[in-house]
Amino acid sequence: MGAVMQGSERQGLEVEPGVLPKTMLAWAIRKEREGEPKDAIQLEELEVPEPGPFEAIVRVMASSVNYNNIWAALGRPVSIFGEGDHPEHGHHIGGSDASGIVWKVGEGVTRWKPGDEVVVHANRASYEDPEVHGLDPLAAPSQLAWGYQTTWGGFGQFAKAQAQQLLPRPKNLTWAESASYGSGYFTAYRMLIDKCKMQAGHNVLIWGAAGGVGVFAVQLCKAAGVNAVGVVSSDEKGELVKELGAVGYINRNEFPEMMRSDGNLADPAAERERFAATRAFAKRAKEILGDAPDIVLEHVGRDTFPTSVFVLKPFGKVVICGATTGYQLDFDARYLWMRQKQIIGSHFANAYECWRANQLMIEGRVRPVIWKTVGFDAVPEAHQLMYENRHQGKIAVLVGAESEDEGRSNDSK
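These remarks concern the structure in this document. (Residues numbered from 1 in each chain as written. Predicted model: local features only at pLDDT ≥ 70, side-chain atom pairs only at ≥ 80, totals over all residues. Heavy atoms only, no water.)

## Examining the side chain of N358
Rules: Think of it this way: any DSSP run of H or I at least four residues long counts as a helix, any run of E at least two long counts as a strand, and we number them from the N terminus. Burial classes follow relative accessibility: with a 1.4 Å probe on protein chains only, a residue under 20% of its type's maximum area counts as buried, one over 50% as exposed, and anything between as partly exposed. Working rule for contacts: check all heavy atoms of both residues, and any pair within 4.5 Å makes them a contact.
Considering the arrangement of structural elements, one finds N358 in helix α12 (residues 351–362). Accessibility expressed as a relative area gives 0% for N358, which makes it buried. N358 has contacts with L167, P168, P170, Y181, Y185 and F186, leaving out every residue within four places of it along the chain.

Given below as structure tokens:
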């Protein structure tokens, strides 16, 4: 086991690109201390991994907080220590988003060299799986979420990733900004662009439009000439999504009866009240968009899914990437088959989708939205903040970068 250290024990980096130090500092989780993030995530001094074939070691400049590392800390809904490379190493270094500098590459890597500035995406799969070479890496049996189902993520001074996970870093962004968008943005890109074939003139309803996926879905709609209405929990968040390009927003607190609950599921009178609220919500969305949505972007799950199916126009599509309020879904299937709607599942993105989406970030057509940037010492506290739902947006973490303004090139657009 690596030595557990205090957060103040930062160490400098005295090696040049191409040469790895023997040890590094990393915020690690271990099986025996699974629990709340403030206790499970501890600073350790660990050996720096060597890159294998087609792998690269990245000097991490910044990372960001995602809920998956809270699951890793808690050991719920399942412990991550039985899969990926965790049995081999015995520790978990989370962080599924990172920006940094290529420090050393393994055998077979030709696209990248030490000194290159990169962003790391989180889709990892074996090059030997045939699905990687003709279907989709996300269909490969070896597919894992880097920094969650694998260790060596962005909360260490060095991260290990497959070369195909690397993307050119947008020089118009800081290190912190570069590390803040991958998981949410690439997920939204696959959902809307590839899964739903979103086109100019479409109307889209986005649940949680001020959240990690939603802020990028709104911007993608604007870039594609699509009308988006965002569903949010406050007028302040509504103004944010309008600033990002939505044609309007709906404060979901105006329609509290609309949400699915055990009560309205079991009580016919309560269900009639829920359905009346759903109809009113659908009318509001149509008023804002000028027509019913062609696409509904879902990740809330149980509470909203009946409304998502109902609100769509005929032949519309619900695309879902998560279920934060519960994964056991129910809805009136008559509105599905009689109006020939579709339900589409989507999960993260493949390397080609990440590359295309990243190009829009490089061109400045989509931008990150960060609530707070914290230092390397604050990794446990940042996760605890998210665990207790006391955050209001994306939290970026400085690792090698010394300030939140570092990394933007003076000559960037």
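Back to the text.
## Examining the pattern of salt bridges
Close approach of charged atoms lets side chains of opposite charge pair. Keep this limit in mind: A carboxyl oxygen of Asp or Glu within 4 Å of a side-chain nitrogen of Lys or Arg is what we treat as a salt bridge.
Summed over the entire model, instances satisfying the criterion amount to 26 salt bridges. R190 serves as the salt-bridge partner of E353, at 2.8 Å between the closest nitrogen and oxygen. With E353 in helix α12 and R190 in helix α5 (residues 182–195), this residue pair connects regions lying 163 residues apart in the sequence. Given a relative accessible area of 7%, R190 falls into the buried group. A network of salt bridges, in which partner residues are shared, links R260, E271, R274 and D330.

## Looking at the packing of α5 against helix α6 (residues 214–223)
Heads up, the condition is: Where helices are involved, their axes are fitted lines through C-alpha atoms of the stretch in contact, as for all axes, and angles between N-to-C directions lie from 0 to 180°. Here roughly perpendicular refers to angles of 65 to 115 degrees, roughly parallel to angles under 35, roughly antiparallel to angles over 145, and oblique to all remaining angles. Working rule for handedness: look at the near helix, and if it is turned counterclockwise from the far one by less than a right angle, call the crossing left-handed; if clockwise, right-handed. Ten residues, namely Ala, Val, Leu, Ile, Met, Phe, Trp, Tyr, Cys and Pro, are considered nonpolar, four, namely Asp, Glu, Lys and Arg, are considered charged, and the remaining ones, Gly among them, are considered polar.
Packing of α5 against α6 brings their axes to within 8 Å, and their N-to-C directions diverge by 50 degrees. Overall, the two elements α5 and α6 adopt an arrangement that is oblique. When the axes of α5 and α6 are compared, the crossing they make is right-handed. Where α5 abuts α6, its residues G184, Y185, A188, Y189 and L192 lie against F216, A217, L220 and C221. Here the contact of α5 with α6 is built from residues that sort into 8 nonpolar, 1 polar and no charged.

## Some details on the sheet that holds strand β15 (residues 295–298)
Rule in force here: Pairing between strands is defined by DSSP: at least two bridges between the two strands are required.
Pairing is parallel in the open sheet, where 6 strands are placed in the order β14-β13-β12-β15-β16-β17. Two strands close off the open sheet at either side, each with one partner strand: β14 (248–251) and β17 (342–345). Averaged over all pairs of adjacent strands, the angle between their axes in this sheet comes to 20 degrees, without regard to strand direction. Judged from the 3 bridges that link them, strand β12 (residues 203–207) and β15 form a sheet pairing that is parallel. Counted as the bridge partner of V204 is I295 from β15. Contacts between helix α7 (residues 235–244) and the sheet are confined to β13 (227–232) and β14, with β14 contributing the most and set at about 160 degrees to the helix. Helix α9 (residues 268–289) contacts β12, β13 and β14 of the sheet and is inclined by roughly 165 degrees relative to β14.

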